[in-house]
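# Descriptive structure summary
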Amino acid sequence: MVINRLTWKIGGKAGEGIMATGMIFSQSCCRGGLHVYDISEYPSLIKGGHNNLQVRVEDQEIFSQLKSVNILIALNKETILLHKGELVNGAGIIYDSSEAIEPKEINDNIRLYPIPFNNIIKEIGAQVIMKNNVALGASIALIDYDFGIVEEVIKDNFKRKGDKVINENTKAARAGYDYIKNNFKNDFEYKLETIGKPGRMILTGNDAICMGAINAGCKFYAAYPMTPASSILHFMAAQERRFNIVVKHTEDEISAINMAIGAGFTGVRAMTGTSGGGFCLMTEGYGLAGMLEVPVVIILSMRPGPSTGMPTWSEQGDLKFALNASQGDFPRPIVVPGDVEESFYLTQVAFNIAEKYQTPVIVLSDKNLAESHKSTDKFDTKRITIDRGSYASPTDLAASPETSFFKRYKYTENGISPRTIPGMKKGIYTASSDEHDEEGNIREDIDVRIKMVQKRARKMDILAKEIKQPELVGSHDAEVTIIATGSTKGPIKEAMILLEKEGVRVNFLQVVYLNPFPSEKVSEVLGSAKKTVVVENNFSGQFADIIRERTGKDVDKRILKYDGRPFYPEDIFTEVKEVVTHG
């Protein structure tokens, strides 16, 4: 019997409630004190296509999905055919008994649980669409979990739709639960038990980014919907009135970033969000913010390209794009969170950097982090202190003559000039996209150009000294050192656990700041490691190239994946073992 170590998967056609059912299962496990990580897959179609959601549950903290599945809920036969290869020995398939399953299609060591979905739905007088809840209840019975928790979660999820909807969904789940209990032995190998300690949250990376933005004091968000960044717009719009935020669904991404720049210019903490295609449209505005020295936070959530690419899948193919977007030289700080916790805290750090250094800041995410749920303890909302940066003091303004503009772009030792915002007496200046002098007047003189470029560049020198350096975690005597950035963090941590069980000593360096890049620390690690590998979700090894560009050193091995799917720990385990065995 395996207790509290389970991967549960549901699949079917779009519109069959796959995501809603998976979310209820995840929440039910989280309320029982268990740790949860879930991941969804769906095609870029308005209607139809195969959807699935996988939930991993354990009683210890977990960091990513695994390949092996213990329970497969198949709302259609296609789900069985697509995912039967993922099932481990003793796993079970819950499926519609009206589907003809040939014995030769399924391995002997897989248990079958046929359920007459349509008959049950008819008997209880529920809607056909509720067969997902019948299947949910059946799976709860199979793993012998507390059905009372599921009832509470259903109640909370449908409370806005009223008692009738709550009762129908609960009744359907209960019918599935009873069918398993009445028709099958209680001998399924995998079980879940509650362990108490409720109170954790279950969030996606996008949820955490929004919570971080709100906690940082963001009061303006503008965006045009684009997967996988769209749910940021949904989240912020839902919280608009509660937190006194202006949220704008703009006509395109060009308007979105220009509106955010306008808000930032007035002293409001402002943010926009998009994916690669939308960021292409934003790049001119991105440069405008750099020239105007206006603070704005940009969420860039990566998906496979080029062009429309694979809109609902995951990749890390925009690392170099983010580093080099827009024309000219200007500070481009980029932070790359690796999990939901970092999404919360680093979004706040991004707002502080944007205002302190008066520059646009990119928070670089991807679909895997943006849409996968992870259970986590409640965040410390006091950990990051808000830093609004340098504003002109009364002394600065008093020194400004009545007849001339304020020196908004004053040459300073650290490159940071005190700001004024509209309405400040004697604070007027010209905010021009052209090169300008200290008052903002358009100038093309050689000395002005050189001084202003150097002034803006000095800010990155100061920031580079301020950011937290990456830390090497794991074995001090590692055979292999893994270096990575972004959402590969979770699968790498899980792979390290698997490798250590096999006696392979590994450690891991996570780079959180893509720019300014921690060249000295990365160079030190590359110089002392026995073998180095980079793990990244793209074809060309962009992160490894960035390491070489910034340190002059190359890694020994690039572990790359570019099929639109995130890394699984098993992928990394196999590749690292190969490095250890064959070099």
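What comes next concerns the included structure.

## Comments concerning the environment of Ile416
Within the secondary structure layout, Ile416 lies in the loop between helix 14 (394–398) and helix 15 (446–466). With relative accessibility at 12%, the residue Ile416 sits in the buried group. In this view, Ile416 contacts Lys356, Tyr357, Gln358, Ser390 and Lys459; residues no more than four positions away in its chain are not counted.

## Examining helix 8 (residues 230–238)
Of all the residues in helix 8, the buried ones are Ser230, Ile232, Leu233 and Met236. The arc enclosing the buried residues of helix 8, seen along the axis, measures out at 160°, which places them on a common side. More than 90 degrees from the buried face of helix 8, the exposed residues found are His234 and Ala238. Looking at the buried positions of helix 8, the neighbouring elements they touch are helix 7 (205–215), strand 10 (220–223), strand 11 (246–249), strand 12 (270–274) and strand 13 (296–302).

## With respect to the nonpolar core
Residues Trp8, Phe25, Ile71, Ile94 and Leu192 are the most contacted members of the largest nonpolar core, which totals 52 residues. Counting residues per element, this core draws most heavily on helix 4 (residues 131–142), at seven residues. With residues up to four places along the chain from it excluded, the contact list for Phe25 reads Leu6, Trp8, Val55, Val57, Leu136, Ile140, Ile143 and Leu192. Grouped together as the second largest cluster of nonpolar side chains are 44 residues, Leu300, Leu323, Ile547 and Val555 included.

## Some points on the layout of surface pockets
Any empty space left between the atoms is revealed when a probe the size of a water molecule rolls over them. The space that makes up the largest pocket amounts to roughly 1,500 Å³. Met23, Gln27, Asn157, Asp207 and His373 are, among the 37 residues lining the largest pocket, the residues nearest its centre. If one sorts the elements of the lining of the largest pocket by residue count, helix 1 (residues 18–31) sits on top with seven residues. Class assignment for the residues of the lining of the largest pocket results in 16 nonpolar, 11 polar and 10 charged. Estimates place the volume of the second largest pocket at around 850 Å³. Taken together, 29 residues make up the lining of the second largest pocket; nearest its centre are Glu342, Leu346, Lys468, Gln510 and Val512. Within the residue set of the lining of the second largest pocket, elements represented by two or more residues are helix 12 (340–356), helix 16 (489–501) and strand 19 (506–510).

## Quick look at the pairing of strand 6 (residues 87–96)
With eight of 10 residues buried, strand 6 is to be regarded as a mostly interior element. Two strands pair when backbone bridges link them, and strand 5 (residues 69–74) and strand 6 are joined in this way by five bridges, in the parallel orientation. The residue of strand 6 that forms the bridge with Leu72 is Ile93. What joins strand 5 to strand 6 is helix 2 (residues 77–83), and the crossover it makes is right-handed. Across five bridges, the pairing between strand 6 and strand 7 (residues 111–115) is parallel. Residue pairing in the sheet places Tyr95 in a bridge with Pro114 of strand 7.

## Here's the deal with empty space enclosed by the protein
Tallying each qualifying case throughout the model produces four cavities of 30 Å³ or more. Quantified by volume, the largest cavity comes out at close to 130 Å³. Forming the boundary of the largest cavity are 13 residues, of which Tyr37, Phe63, Gly338, Asp339 and Leu369 lie nearest the centre. With three residues, helix 16 is the single largest residue contributor to the lining of the largest cavity.

## Some points on the sheet that holds strand 19
Taken in spatial order, the five strands line up as 17-19-18-21-22 in an open sheet, and their pairing is mixed. Looking at which strands have only one partner, the edges of the open sheet turn out to be strand 17 (472–474) and strand 22 (557–560). For this sheet, the mean angle separating the axes of adjacent strands, direction not counted, is 25°. One ladder, built from three bridges, connects strand 18 (residues 480–484) with strand 21 (residues 532–536); its direction is parallel. Opposite Thr481, over in strand 21, you have Thr532 as the bridge partner. Here helix 17 (residues 519–528) sits on the sheet in contact with strand 17, strand 18, strand 19 and strand 21, set at roughly 160° to strand 19. On top of the sheet, helix 19 (residues 569–582) reaches strand 18, strand 19, strand 21 and strand 22; it is set at about 135° to strand 18, its chief contact.

Cut-offs used in this document
Residues numbered from 1 in each chain as written. Predicted model: local features only at pLDDT ≥ 70, side-chain atom pairs only at ≥ 80, totals over all residues. Heavy atoms only, no water. Helix = DSSP H or I, 4+ residues; strand = E, 2+ residues; numbered from the N terminus. Buried < 20%, exposed > 50% of the residue type's maximum accessible area, 1.4 Å probe, protein only. Contact = heavy atoms within 4.5 Å. Arc of directions from axis to C-beta. Core = buried A, V, L, I, M, F, W, Y, C linked by side-chain atoms within 4.5 Å. 1 Å grid on protein atoms, 1.4 Å probe; cavity = no way out; pocket = protein on both sides within 12 Å on 5 of 7 lines; lining within 4 Å. Points joined across faces, edges and corners; volume = space filled by probe spheres on them. Nonpolar A, V, L, I, M, F, W, Y, C, P; charged D, E, K, R; others polar. Pairing = 2+ DSSP bridges. Right-handed = clockwise from strand over helix to strand, strands pointing away. Axes fitted to C-alpha atoms, helices over the stretch in contact; angles between N-to-C directions.

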